[in-house]
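# Report on the structure
Given next are the chains, with one letter for each unit.
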Amino acid sequence: MERKELLVCCGVGLLGLVSAATGFAAEATRIKGSQVQFVNATQCEYPRTAALGLGFSAAVSLMVAHIIINVSTGCICCKRIPQPSNSNWTIALICFVVSWFSFVIAFLLLLTGSALNDRHGVESMYFGSYYCYVVKPGVFAGGAVLSLASVILGVFYYITISSAKKNNDNLCGHAVQGPAIAMGQPQFPAHNQTQEPVFVHEDTYMRRQGPLQEQFIQRKSSRENLDRFIPNRSAMDMGYAQSMLTDSRKGKENPAVSSPSREAYQRKLAEALNMNRTRILAFKSKPPAPVDLYPKDFFSSQTQDKPAKPRRHIPQTSERTLDAPDLVDDYYLNLLDWGSANVLAIALANTVYLWDASTGSTSELETFDDETGPVTSVSWAPDGRHIAIGLNNSEVQLWDSTATKQLRTLRGCHSSRVGSLAWNNNVLTTGGMDGSIVNNDVRVRSHIVETYRGHEQEVCGLKWSGSGQQLASGGNDNLLHIWDRSVASSQSSTQWLHRLEDHTAAVKALAWCPFQSNLLASGGGGGDHCIKFWNTHTGACLNSVDTGSQVCSLLWNKNERELLSSHGFTQNQLTLWKYPSMVKMAELAGHTSRVLYMAQSPDGCTVASAAGDETLRFWNVFGVPEVAKPAPKASEPFAHLNRIR
């Protein structure tokens, strides 16, 4: 037995003895039924024993022993192992299978017994039974016996396979050293060692090799395992090659014949005959240049490819930051809006402020008392002059921002605060904490024209489609409804077009796609983290993207196929997505609290974001829209001819 085999057998045997010994020790120290005491009718008190550590040590020792055996021997199924003619191979295979089965059973017994024996202190009874559970006797002992048997069979399997390999190596060595003639190999007479070397072409040498011998020719590296390049013999100067070979050999054999004058004469002769070359196998002429199938200027008159559109630079920092003290940090409110007259409205506690983006001036529109306020929502009318303000006392007020004058108050719509507003021409839609949605025609005295009832909790998101035909509403009840004006008016006020229940948190962020009228994007709250895209004609969910954080607001780019989302914990960032691949184009960081509100400028380039950190930031995230170039005028036919007057 070689040294390696002896070390493997000793190490594996020692580990097997350790596994068996610790297994029997765990059996002796396990918790017995007589050691358990009843505390009361439903609880038992167990003592602390060392059976857990002993059983786990036995399982680990057994596993290490089997790892050593299999690494040293190799896989019996996958590795090519010589099979002797006797029955040792069958015995080794049986030992391998039985050893593995006993290893698995012993390993499970030891681990299961250790886990079930890990009880100490006061614990409740199982399934209301009136006895305290303990490990059955013989579990650890059985695992110890099976582990010892598994190790013994593994050692026997290792010794059998190792001896088979050694015998096969000896047989191969005797076959090479012996004088016997191998079957199928061509025989050649022995060459005289004193004979001068003869240069034989490589092809001739390879033809002399037998077919069986070629199978054992191996390359030293994969780089050498390539096809040989055999050049054209007619393009070589074979006479010069033979002269170079024979002359150099003759000069070495007869050094007395060569002299300095003779060598100078040979160099002059070589220069005159163009024979001063260093390469022996060299082509006489270079290969011809490739012929172009088409002239280079063939495609010059064809249409040229459009130049690649340069990638837009997206600033990573905000262009401007304004203080927004007393901004209410409430996910369910909508306190920011940017009107078509380029005036931004923001509600700070009980006051509504207007910031003119053209001049940079700030003005106060109105401050409400504590009984009416705080302000819970703001929304500009399409004309950019009138603004609707939702209040905490369930009222909605309409103001003229130019004259700083209140026009009217809408009462009776809701029974609690109004957290969301949306305009559809002259119709103002309000969503309240009572779960109802009301359409108000601001032109008439009886302003309530339609009421939608489908949410069970507060309505926190409202958005009309670009056509004004469909309304999307999201609520704190994790529901998203699609309402159609024709369906709701002709049937019941509770008849929604689609009721979508895929979100698992409140749905506040809503955005209709500007380039596809039936595409709606929605974002879920802290327990959802998803942006979902819907076909509002069929109600099908087209895609869902997990953003990893609370989605507070969504805005589409009016000039490109891009979507901007604002998020809460943990990064409080704005993320720009490429639609429809939903690849992140940029992440804008700067806020230190969740970005609750976003509004887009009338030109669609700048985005304002307000967060719980009481700051208002402006981002040039969507870039400057490209000015459409006028189409070139088509040249008149036959313009080069003189006109007939």
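The shown structure was predicted, so the numbers you read here are calculated from the model rather than taken from an experiment.

The rules behind each value
Residues numbered from 1 in each chain as written. Predicted model: local features only at pLDDT ≥ 70, side-chain atom pairs only at ≥ 80, totals over all residues. Heavy atoms only, no water. Pairing = 2+ DSSP bridges. Helix = DSSP H or I, 4+ residues; strand = E, 2+ residues; numbered from the N terminus. Axes fitted to C-alpha atoms, helices over the stretch in contact; angles between N-to-C directions. Disulfide = S-S within 2.5 Å. Buried < 20%, exposed > 50% of the residue type's maximum accessible area, 1.4 Å probe, protein only. Salt bridge = Lys/Arg side-chain N within 4 Å of Asp/Glu carboxyl O. Phe/Tyr/Trp six-rings, centres within 6.5 Å; stacked < 30°, edge-to-face > 60°. Parallel < 35°, antiparallel > 145°, perpendicular 65-115°, else oblique. Left-handed = near helix turned anticlockwise from the far one by under 90°. Contact = heavy atoms within 4.5 Å. Core = buried A, V, L, I, M, F, W, Y, C linked by side-chain atoms within 4.5 Å. Patch = residues over 30% accessible without salt bridge, like charges linked within 9 Å, V, L, I, M, F, W, Y side chains within 5 Å. Areas by Shrake-Rupley, 256 points an atom, 1.4 Å probe, with all protein chains shown as cover. Polar contact = N/O pair within 3.5 Å; in protein donor to acceptor, adjacent residues only side chain to side chain.

With that out of the way, let us pick up the sheet that holds strand 10 (residues 386-391). Spatially, four strands are ordered 9-10-11-12 in an open sheet, and the strand pairing comes out antiparallel. The open sheet has two free edges, formed respectively by strand 9 (375-380) and strand 12 (405-410), since each of these has just one partner strand. On average, each strand axis in the sheet is inclined to that of its neighbour by 25°, with strand direction left out of account. Strand direction decides the pairing type here: strand 9 and strand 10, joined by five bridges, are antiparallel. Note on strand 10: the bridge partner recorded for Val375 is Leu391.

With the rule as written, the count across this model stands at zero disulfides. Unpaired in this structure, Cys530 has its nearest cysteine sulfur neighbour in Cys541, at a distance of 9.1 Å. Among the residues examined, Cys530 registers a relative accessible area of 13% and is labelled buried.

Under the defined criterion, the tally for this structure stands at 10 salt bridges. As a salt-bridge pair, Arg417 and Glu458 come within 3.0 Å of each other at their nearest N and O atoms. Residue Arg417 is located in the loop between strand 12 and strand 13 (418-424), and its partner Glu458 is located in the loop between strand 16 (448-453) and strand 17 (459-464); the two are separated by 41 residues in the primary sequence. Ionic pairing is found between Glu587 and Lys584, a salt bridge with its closest N-O pair at 2.9 Å. Overall, Glu587 belongs to the partly exposed group, its relative accessible area being 33%. One salt-bridge network, held together by shared partners, links Asp330, Arg417 and Glu458.

Take the packing of aromatic side chains next. Within this structure, the stated rule accounts for 13 aromatic pairs. Between Trp100 and Phe103, the ring centres sit 5.3 Å apart and the planes meet at 90°, which makes this aromatic pair edge-to-face. Placement of both Trp100 and Phe103 in helix 3 (residues 88-117) is noted, with a separation of three residues, approximately one turn of the helix. The class for Trp100 is partly exposed, based on a relative accessible area of 33%. Here Phe103 falls in the buried class, since its relative accessible area comes to 9%.

The next thing to look at is unusual backbone geometry. The linkage connecting Gly373 with the following residue, Pro374, adopts the cis geometry, with an omega of 5°. Within the secondary structure layout, Pro374 lies in the loop between strand 8 (362-367) and strand 9. Looking along the chain, the bond that leaves Tyr579 and enters Pro580 is cis, with omega of 5°. Examined against the element boundaries, Pro580 turns out to sit in the loop between strand 27 (574-578) and strand 28 (583-588). At His529, a position not held by glycine, the phi torsion is positive, near 65°. Look at His529 and you get partly exposed, because its relative accessible area is 24%. In the Ramachandran plot, Asn572 falls in the positive-phi region, its phi being about 55° despite a non-glycine side chain.

A word on the packing of helix 1 (residues 3-29) against helix 2 (residues 51-73). Angle between the axes and distance between the axes are the two parameters that describe a pair of packed helices. The interhelical angle for the contact between helix 1 and helix 2, taken along N-to-C directions, is 160°, at an axis separation of 8 Å. As the angle between them shows, helix 1 and helix 2 are arranged roughly antiparallel. The hand of the helix 1/helix 2 crossing is left-handed. For the pair formed by helix 1 and helix 2, the contact residues are Val8, Val12, Leu15, Val18, Ser19, Thr22, Gly23, Ala25, Ala26 and Thr29 on the first element and Ala51, Leu54, Gly55, Ser57, Ala58, Ser61, Leu62, Val64, Ala65, Ile68, Ile69 and Ser72 on the second.

Burial of strand 22 (residues 519-524) is extensive: six of the six residues sit out of reach of the surface. With burial as the criterion, each face of strand 22 is covered, one bearing Leu519, Ala521 and Gly523 and the other bearing Leu520, Ser522 and Gly524. Bridge count between strand 21 (residues 507-512) and strand 22: five bridges; the pairing is antiparallel. Bridge pairing in strand 22 links Ala509 to Gly523. In this structure, the hairpin formed by strand 21 and strand 22 is closed by a connection of six residues.

As a further point, take the nonpolar core. Leu336, Leu344 and Ile389 are the most contacted members of the largest nonpolar core, which totals 34 residues. Of all the secondary-structure elements, those providing two or more residues to this core are strand 5 (336-338), strand 6 (343-348), strand 7 (351-356), strand 9, strand 10, strand 29 (595-600), strand 30 (607-611) and strand 31 (615-619).

Attention now goes to the sheet that holds strand 14 (residues 427-432). In space, the four strands of this open sheet follow the order 13-14-15-16, with antiparallel pairing throughout. The two strands at the open ends of the sheet, each matched to only one other strand, are strand 13 and strand 16. Taken over all neighbouring pairs, the strand axes of this sheet differ in orientation by 20° on average, direction set aside. In this structure, strand 15 (residues 436-441) lies alongside strand 16, joined through five bridges in antiparallel fashion. Considered in strand 16, the bridge of Ser436 is made with Arg453.

Further remarks concern a nonpolar patch on the surface. Together, Phe56, Val60, Met63, Val64, Ile67, Ile68, Val71 and Leu111 make up a nonpolar patch on the protein surface, roughly 630 Å² of accessible area in all. A per-element tally of the nonpolar patch places helix 2 first, with seven residues. As for its placement among the helices and strands, Phe56 is situated in helix 2. On the basis of relative accessibility, which here comes to 47%, the residue Phe56 falls in the partly exposed class.

The next subject is the side chain of Ser99. Along the polypeptide, Ser99 turns up in helix 3. For Ser99, a relative accessible area of 3% corresponds to the buried category. Discounting chain neighbours no more than four positions away, the residues touching Ser99 are His66, Ser150, Leu153 and Gly154.

The next subject is the side chain of Ser150. Checked against the element boundaries, Ser150 lands in helix 4 (residues 139-177). Taking relative accessible area as the criterion, Ser150 reaches 0% and is therefore assigned buried. Side-chain polar atoms of Ser150 contact the backbone oxygen of Ser99, separated by 2.9 Å. Those residues in contact with Ser150 that sit more than four places away from it in its chain are Leu62, His66, Ser99, Ser102 and Phe103.

Turning to the pairing of strand 24 (residues 540-546), a few remarks are in order. Regular strands show a simple pattern: their side chains alternate between the two faces of the sheet. The pairing of strand 23 (residues 530-535) with strand 24 spans six bridges and is antiparallel. Paired with Trp534 across the bridge in strand 24 is Cys541. Joining the antiparallel neighbours strand 23 and strand 24 is a turn of four residues, in which Gly539 adopts a positive phi near 80°.

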